[in-house]
Structure formats: C-alpha cells, structure tokens
Amino acid sequence: MGAGGAEETVAGGGQEGEGQKEQQRDKLLYPDDKDLLYEEEIQRNPFTLKLWWRYLIAHAESPFRRRSVIYERALRALPGSYKLWHAYLLERLKQVKHLPVTHPRYESLNNTFERALVTMHKMPVIWIMYLTSLTQQQYVTRTRHAFDRALRSLPVTQHDRIWDKYLTFVGQKGVPIETSLRVYRRYLKFDPTHIEDFIDFLLRSGLWQEAAERLAGVLNDESFRSIQGKTRHQLWLELCDLLTKHACEVSGLKVDAIIRGGIRQFTDEVGRLWTSLADYYIRRGMYEKARDIYEEGMRTVITVRDFGMIFDSYTQYEESMLAAKMETLDIEEEGGEQFGGENGAGEKVDGENGGAGGDTTDLRGFWLADENDIDLRLARLEHLMDRRPEIVSSVLLRQNPHNVHEWHKRVKLFKNNPERQIMTFTEAVKTVDPMKAVGKPHTLWVAFAKLYENHKDLANARVVFERAVQVNYKALDDLASVWCEWAEMELRHKNFKGALGLLRRATAEPSVEVKRRVAADGNEPVQIRLHRSLKLWTFYLDIEESLGNLDSTREVYERILDLRIATPQIIINYAFLLEENKYFEDAFKVYERGVKIFKYPHVKDIWVTYLSKFVKRYGKSKLERARELFEQAVRKAPAEDVKPLYLQYAKLEEDFGLAKSAMKVYDQATKAVPDHEKMKMYEIYIARAAEIFGVPKTRQIYEQAIESGLPDKDVKTMSMKYADLEKSLGEIDRARGIYNFAAQFADPRSDTDFWSTWHEFEVQHGNEDTFREMLRVKRTVSASFSQRHNILPEYLMQQEQKQIAEEAADKHDQMAALERQLASPAVEAVPKDGMRALGFVSGGVEGQVGTGGGGNMIANPEDIELEEDGEDDFDERVEVAQKDVPVAVFGDLAKKVEADKSQSNASEDVKVARPLGALERLKKRQKT
C-alpha cells in the first residue's frame, strides 16, 4: 500500500506541474493591464477595423500565439476584411516556412485558408497564396481541386494569374501525365496562343504522336504567330526532326508529303530536309527507299552546300550498311562453325525436298538472293564515289544552265568516253540560250565539231558547223568566229576551194527581200549583219592573199572599203600590197582614200606612211606635190601630233628643196607645236640654222625664242645658251646684256647655276663696275622674289638636299671633310648667332665679329673688300683673271697698282703665313 500510494502521489504531482504550465500559457493569451485601453475601445466599437489594427500593431513584438488570438477575434467580428485575412495568412505562412511539409501546422494553415476563402473567394491574391502553399506540400489531387475551385470562383479576366501557377504545378515531377494533358488541353481553350508550351511539354513527356499532330496543326494555321519568336522555318525543321527521329512512334501523318512541302517552301535548308526524309525511311527499315531519296535529292539540289550535305550522309549510310552486313556475316560464320553438322544435314534435307517438288523454284543460288552481297555493296559505294564529279557538275549547271564554262568542264569529265561527250555536247547546245549565256556560246559548237574532226568524222563536223551558223547569237563576233573555225577546219584538211567558198558565202550581203522580211518581223538576227564583220573580212583577206591572185585580193579590199568597215591598218596593208606589185599610183590613191575616211588620231599612221612612201618614191621629181601633201597634213593635224610631220617636211626641203624654205618650215613648226615642246623645237631650229647658215644666223632665232612666250624656265635656259653664243663670238657686252635680261627669271636662292655662271663670266671678262652691277642686280632680284614668294619650299628642299649630298661626300672622302672644317671659319658668312631670318634681304650689311677692339664691324659679304684709302683692289677670295688691256684705260690707277705690288713683295718675309690645309699638315708631319 505504501509503495502504491507513493506512485500515485508522484503521478499526481506530475499532472499538477503540467496543469500549471498550461495555466501560465493560457494567462499569456488573456489581456493584461496594458491592453485595457484597446479592449475598452473594441468593446465599444467591435466592428471598426482601425481599432483592431492598432491593437495588432501594439502587439507587434508579442508571440504569434497571442497575436493569432487577436486575429481570430478580429476576424470573428470582421470576417470580410481582406486586410486582416491577408496579414493573418502571411504570418501563418511565415511560421511554417522552415518546417517540413508533413508538420501538423501545415494542416492548420490549410484550414485557415479554407476559412478565409469562405468570404475571400473573389480575391486572386488569397487564392495564389493558397495554391502556392498546396503546390509546395505536393498534394496532387487536393491541389488540382483547389486550382479548379479558384478558376470557378474568379472571373475570367483574372484566370491568367491562376493558369501560370497551374501549369507550373502540372509540370512538376510526380504529377500524372494524363492529368497534365487534361490541364494543358483546358488551358489551350482559354489561351490557344500558348500551344508551343504544350508542344514543349509533349516533347518532354515523350508523347511524340500528339506533339507531331499539334505541330502540324500549327504549321497549317496561316494566322499563327509564335510567342516564343520562332519562325515558320524553325517550326518546319522541328517537325521534320520529330518525324524522322521518331518515325516508328508517329503514325497517321503523311511524312513524305510534309517534308517535301518543306523542301519546296524553304530552299535554304533543302539538303537538311532531304537527309531527314532519307533518315525517316532508314528508321522505318525501308533501305532501298532511303537510297532512292538520296539519289533524288542529289538530282534536284541546286547548291553545292546542300549537295555536300546529302552526299556525305549518303556515303555514311552506305558505309554503315556495309559494316553492318560484314558484322552480320562474321557472326553467322561463327555460329556455323559451332553448328556446322546440323546445318549441313538441314541443307541436305532442303535439297532433297527441292528436288522432289518440281513446281518450286530455288533462288538461293541466284546472285540477287545471295545474303553475302558485300561485293555488290562495295561496288555500289565505289560507283557513288566515282560519280561525285559528275553530280557536282550537274548541281552547278542547275544553278545556271547557260554557263558555257561549266559545260566545257563537264565534257572533260568524259574524256575517255566519246559517246558521253557527244551526249553532253548535244545537251549543252540544246540547253544554252545564246542571249542568256555566260561566256562564249559558240565555243560549244566549235568544240563539238572538233570532237568529230579528231575522230576523222568530217561529215558530222560539217553538219555541226552548218547548224552552228544558223544559231542567233548575241554578238556578231561569235558568229564570225564559227565561220572562221569552219574555214580553218577545211584548210587543215587541204580543202582550199571549200574554205574560200565558205568565206564568200559568209561575206555575201543579204538580198533586199531578206532585209525587208527581217525588218517586218522586227527581230533582226545576227546573220543579217555578218557581211559587216571585220574579223571575218580580215580572215578572208589572209586566205585570198595566200591562195588567191592579185585581182581577187583587190576585189576583197575594195569591198571592205565600200562597206566602210576598214581600219587604218587595212588601208596600209592594201597600199603595201599594191606597192609590192608595182602599182604605186594606185597605192597612193588608197592612201588618199584613207586620209579622207579617218580623222585624227587614227589617221596619223596613214599620213606618216603616205608621206614617207611618196618622198621615197618621187623625191625631187614631184616636189610641189609633196609640198602640197605636207601642207595638207600639217593643216589637219592637231598641235600634239604636228611635230613629226614638220620635221619630215623640213627634211624634205633640206634634201630636195631650198634651205630658206626649210627654215621657214622650222619657223612654222615652232609656232604650231604645243608650249611644252617649243623649247625642243627651237633647239632643233637653231641647230639646223647653225649648220646651214652659220652661227651668226642663229641670233635672230634666239631673240625670237626669248620673245615667243616660252615659260620662264625655258626663257632662262635659252638666254644662257644665247649668252654662251655671244661670248664665243667675242661679244662680251651683248652677252652681259643677255645675262642682265635673264636675271629676272632666276631666283638667287634656287637658281644657283645661273648666278654662278654669270659670276664666272664677270670674273673672266668683267671689271669692278660690272661686278658691282651684277651684285646689285642679284640683290634686286632676290628682293623681288622674296616679296613674291616669301619662303620658297623648293629653296628649302634644295638646301636640305645639298647638305645631305655634302654629308654623303664627307663619308667617302674624310680628308675633304677635315679641310672643310678647317676652312669653315674663313669662308662662312653666316653671323655668329646664326639667327638670320630666311626670306629677309638685308640692305647690304651684316653684323660680323671684328678683329680689333672686341667690337663688331659692319660688312657686306657680297661686296669686294677694298682698302680704306680707296684703292680699287678686289677681295682675296675673288680671283679675277687679268687680261692685257691698254694702259691708257687705267690712267693713274696703273701706277698705284705697281706701287702696291712692290710694297707687297717687300713685306713677304714679315707677313704671317696662311693656315695650312689638313692634307699639307699631314704631309709635313710625315716628313718630320
């Protein structure tokens, strides 16, 4: 009794402890002193949402159980408050967020949602919260029913918000496919534009039949617009891939018709679609049909890319079939070795049965029924590889059947098979339209005829040429080439009369009746214009000159001239022919006809040849006629082409006429030639005048050239030559005057040659006054050019090039460089600071470091340094050549010069020696 009582006492104590805890938790649910104010207001106005909301805000930090009591009380008073239900459900969802879906609180949450939906069944947000929670709990049936209730409760305008969640739910794993199918079908009734999502679901689920049917329905709907941005082209390719990859699972659709429709509609994926169709038949086990599809595809594609795709797939198919057959035979052989006796007995029995029955036919020995057809498959594969160039040629010709070059390449593929070549040429000439041809269509006919010619079949070659000359070519030259080739073939086979007859037939002018009939039709064939083909006539001329006589050849030339299709070369050739046969006057008449027909520049060669031949033939005998011809030639010739004619004319006058007439011709030539050739013409004129009349006669020509308006550069050059002439004649003053005149065209900074020439001239033939005058003119000209051009880029470039040349010379001659460095202090005239500005012409003085007193002296580097006492002596740097002149010219100056000479001789021993050059110092050092 004691023990039992003790146990009861302990049990009773435990129950009392649990009851106390429950009482403490229950006390938390009751209002405390702080809640009295809110409770009183709620008691007075229990249906005011604001009071309940303030009460909940005041307990924002309280436990959820305490807040849930407030929520329940508030919802009991205000069951239609969306705000309260939404906040309450959000907090309950937050409480179960981290709990497993099997926790009991989820069931309580679901009950709360059900209670909310009693009054909130029109609120889509509440439904979405509930459905999302059920989806996470993975209750399939319960969730599906909830989605259905939501769709029934909400208006249609808000169904799209539910369907998004619904489709997400049925797309989860674990949902039966039939359920998902039914849901998607219902959804398509609501929004048919999302059929692509349904098709994607069917593909993911492996429902190939319905996916193909739905995709075919989409393609048949012309008004369909993809919401995924797919084009009809992409949908076609997806359907073709589906039909070919799952050929055995899909039935009821005309796969062949569907894919062929895609081939006709989408030309950029022809190769892929043909391979897909062949793959479809391969998967269906229809191997011969697949091979036919490959062959048809290669015969119809028009791009090399599509052909390459089909051909690669075809060869891969043949190789895989061959490998599979070889593997099968290997397995059968291994099995036959194990069961060889039994198989032998069986074959014997079959043979006996076959012999007993007379009506049965045994095909086992026939080669088509032989299972070991590896040789046949190998031959088929090799034949396919051998046919590849031919098939590629067919593809290129399907792109453009009028491509002549591709037809020639196709013929070369059958070079060892004349029959195929003839068939190819026949097909080519029937297919190619000359008006659309790319290339020369007549070459096909010519090559076709040469094929027969090479095989000694001239009759068929002539038949081909006869048909070729009847074709209406686009260009006249093509038809003429066919006639020429035909005639050349006859010549190669020694049929000279036949060749001439062909050319006469070809060059015959059509009759008036034929021309009238063609004009009435309005479509002039090229054969009507064949008689005006220059190519054909020139070939005819060559044949006539080789095989005919002079009269027939002249007749051909005359016909060419009558048709007015001659060229200058034909005129010249005709004249040469007549000259060879001693018909000189007739040749000159031909030249006359040529110069009347053609104009410059084409007639230039005719005139030159005509004049040369005439002068060579008659010379002095018909001088007046020759002069008239030359006058006519130079009168019609433009300025650019008149120079050789004038030179030829002048040569005629020099050889057979008067020298004065020759000078007159040269004078006319200097006025007729263009400005850029006048200088050369004057040089020729002066040279001929000097040779014929002597040098003094050229003075007038020089003056005429200088005054004729030559460019400044040519005027300067001509003046220098004129001055050299006067200097050679001893006319120093005239030469100086010419230099003075030409100085206005020579810039001292760039035309250093002119000024150095004048400087040398004055040193040799001048005196102090003339030298000063030259320096004055030089300064004046330099100032005028500076005002005109300021700084000339040519001058800067010349200075730079001069410096580069000096540096290059110094590298090769080190002694000269050393001497230049030692002599530079005495020769350089640039101031020490080196700051003289380009383009500035000084007034004649420059600052120079003086030698005494450390001051600066004022000096002009261009002046002659004279003694301070006024003695007229030149600078030591200017070496003036002395010339014997009468003493009376100098007067008292001669005595002064003699006194200076004696004084300088007396002071030679006292005078400081000049500085030695580098070479002299080096020699002196070697001696010591």
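Residues numbered from 1 in each chain as written. Predicted model: local features only at pLDDT ≥ 70, side-chain atom pairs only at ≥ 80, totals over all residues. Heavy atoms only, no water.

1. Notes on the overall build of the chain
Turning to step 1, where the next piece is worked out: Helices and strands together make up the secondary structure of the chain, namely 45 helices and two strands.
Turning to step 2, where the next piece is worked out: Looking at the 928 residues of the chain, the share that counts as buried comes to 37%.
Turning to step 3, where the next piece is worked out: A sequence separation of at least 24 residues applies to 55% of the contacts in the chain between residues at least 6 apart.
Turning to step 4, where the next piece is worked out: Carbon together with sulfur atoms contributes 52% to the accessible area of the chain, which is approximately 55,900 Å² in total. (Helix = DSSP H or I, 4+ residues; strand = E, 2+ residues; numbered from the N terminus. Buried < 20%, exposed > 50% of the residue type's maximum accessible area, 1.4 Å probe, protein only. Contact = heavy atoms within 4.5 Å. Areas by Shrake-Rupley, 256 points an atom, 1.4 Å probe, with all protein chains shown as cover.)

2. Remarks on the packing of helix H39 (residues 732-742) against helix H40 (residues 752-765)
Turning to step 1, where the next piece is worked out: Interhelical geometry of H39 versus H40 gives an angle of 155 degrees and a closest axis separation of 11 Å. The angle between H39 and H40 falls in the class roughly antiparallel. In this structure, the crossing between H39 and H40 has a hand that is left-handed. Here H39 contributes Ile732, Ala735, Arg736, Tyr739, Asn740 and Ala742 to the contact with H40, which in turn contributes Phe754, Thr757, Trp758, Phe761, Glu762 and His765. (Axes fitted to C-alpha atoms, helices over the stretch in contact; angles between N-to-C directions. Parallel < 35°, antiparallel > 145°, perpendicular 65-115°, else oblique. Left-handed = near helix turned anticlockwise from the far one by under 90°.)

3. Notes on the environment of Phe614
Turning to step 1, where the next piece is worked out: Looking at the secondary structure, you find Phe614 in helix H32 (residues 604-618).
Turning to step 2, where the next piece is worked out: The spatial distance from the C-alpha of Phe614 to the C-alpha of Phe588 is 7.7 Å, given a sequence separation of 26 residues.
Turning to step 3, where the next piece is worked out: Once you skip the residues sitting within four places of it in the chain, Phe614 turns out to touch Phe588, Gly619, Lys622, Arg625, Ala626 and Leu629.

4. As for helix H21 (residues 404-412)
Turning to step 1, where the next piece is worked out: Buried within H21 we find Val404, Glu406, Trp407, Arg410 and Val411. Seen end-on, H21 carries its buried residues on one side only, within an arc spanning 160 degrees. In H21, the exposed residues that point more than 90 degrees away from the buried face are His405 and Lys412.
Turning to step 2, where the next piece is worked out: The inward-facing, buried residues of H21 contact helix H20 (388-399), helix H22 (418-431) and helix H23 (442-454).
Turning to step 3, where the next piece is worked out: At the N-terminal boundary of H21, the capping side chain belongs to Asn403, with an oxygen 3.2 Å from the backbone nitrogen of His405. (Arc of directions from axis to C-beta. Polar contact = N/O pair within 3.5 Å; in protein donor to acceptor, adjacent residues only side chain to side chain.)

5. A closer look at the pattern of salt bridges
Turning to step 1, where the next piece is worked out: Considering all chains together, one arrives at 43 salt bridges under this definition.
Turning to step 2, where the next piece is worked out: Glu107 is the partner of Arg142 in a salt bridge, and the nearest nitrogen-oxygen pair spans 3.5 Å. Of the two residues, Arg142 sits in helix H8 (residues 140-153) while Glu107 sits in helix H6 (residues 104-120), which places them 35 residues apart along the sequence.
Turning to step 3, where the next piece is worked out: Residue classification places Arg142 among the partly exposed positions, given a relative accessible area of 30%.
Turning to step 4, where the next piece is worked out: Taking the shortest distance from any N to any O, the salt bridge between Lys613 and Glu579 comes out at 3.6 Å. Placement of Lys613 in helix H32 and of Glu579 in helix H30 (residues 568-580) is noted, with a sequence separation of 34 residues between them.
Turning to step 5, where the next piece is worked out: The class for Glu579 is buried, based on a relative accessible area of 14%.
Turning to step 6, where the next piece is worked out: Salt bridges here are not isolated pairs; linked through shared partners, they connect Arg185, Glu210 and Arg214. (Salt bridge = Lys/Arg side-chain N within 4 Å of Asp/Glu carboxyl O.)

6. Concerning the packing of aromatic side chains
Turning to step 1, where the next piece is worked out: Overall, the coordinates contain 34 aromatic pairs when judged by the stated rule.
Turning to step 2, where the next piece is worked out: Taken together, a centroid distance of 5.8 Å and an interplanar angle of 25 degrees make the contact between Phe147 and Phe169 stacked. Of this pair, Phe147 sits in helix H8 while Phe169 sits in helix H9 (residues 159-170), and the two are 22 residues apart along the sequence. In terms of burial, Phe147 and Phe169 fall into one category: buried. (Phe/Tyr/Trp six-rings, centres within 6.5 Å; stacked < 30°, edge-to-face > 60°.)

7. With respect to unusual backbone geometry
Turning to step 1, where the next piece is worked out: Note the cis peptide between Tyr600 and Pro601, where omega equals 5 degrees.
Turning to step 2, where the next piece is worked out: For Pro601, the location among the structural elements is in the loop between helix H31 (584-597) and H32.
Turning to step 3, where the next piece is worked out: Positive phi, normally seen in glycine, also occurs at Gln138, with a value near 60 degrees.
Turning to step 4, where the next piece is worked out: Within the secondary structure, Gln138 is located in the loop between helix H7 (124-137) and H8.

8. Topic: the confidence of the model for the chain
The predicted coordinates of low-pLDDT regions are not to be read in fine detail.
Turning to step 1, where the next piece is worked out: Of the residues in the chain, 77% have a pLDDT of 70 or more, and the chain-wide mean is 75.
Turning to step 2, where the next piece is worked out: Across residues 1-15 the pLDDT falls below 50, and counting only partners more than four positions away or on other chains, this stretch makes zero contacts in the model. (pLDDT = per-residue confidence, 0-100.)

9. What about helix H24 (residues 458-468)?
Turning to step 1, where the next piece is worked out: Listed in full, the buried residues belonging to H24 are Ala461, Val464, Phe465 and Ala468. What you see down the axis of H24 is that its buried residues fit within an arc of 95 degrees, all on one side. In H24, the exposed residues that point more than 90 degrees away from the buried face are Ala459 and Arg467.
Turning to step 2, where the next piece is worked out: In this fold, the buried residues of H24 make contact with H23 and helix H25 (476-492).

10. Remarks on a positive patch on the surface
Turning to step 1, where the next piece is worked out: A cluster of basic residues, Lys596, Lys599, Arg635 and Lys636, forms a positive patch on the protein surface.
Turning to step 2, where the next piece is worked out: Within the element layout of this structure, Arg635 appears in helix H33 (residues 623-636).
Turning to step 3, where the next piece is worked out: With relative accessibility at 61%, the residue Arg635 sits in the exposed group. (Patch = residues over 30% accessible without salt bridge, like charges linked within 9 Å, V, L, I, M, F, W, Y side chains within 5 Å. Lys, Arg positive; Asp, Glu negative; His and termini not counted. Charge placed at Lys NZ, Arg CZ, Asp CG, Glu CD.)

11. Here we look at the side chain of Thr275
Turning to step 1, where the next piece is worked out: As for its placement among the helices and strands, Thr275 is situated in helix H15 (residues 270-283).
Turning to step 2, where the next piece is worked out: Under the relative-accessibility criterion, Thr275 is labelled buried at 14%.
Turning to step 3, where the next piece is worked out: Reaching out from Thr275, the side chain makes a polar contact with the backbone oxygen of Arg272 at a distance of 2.6 Å.
Turning to step 4, where the next piece is worked out: Among residues more than four places away in sequence, those in contact with Thr275 are Tyr294, Met309, Ile310 and Ser313.

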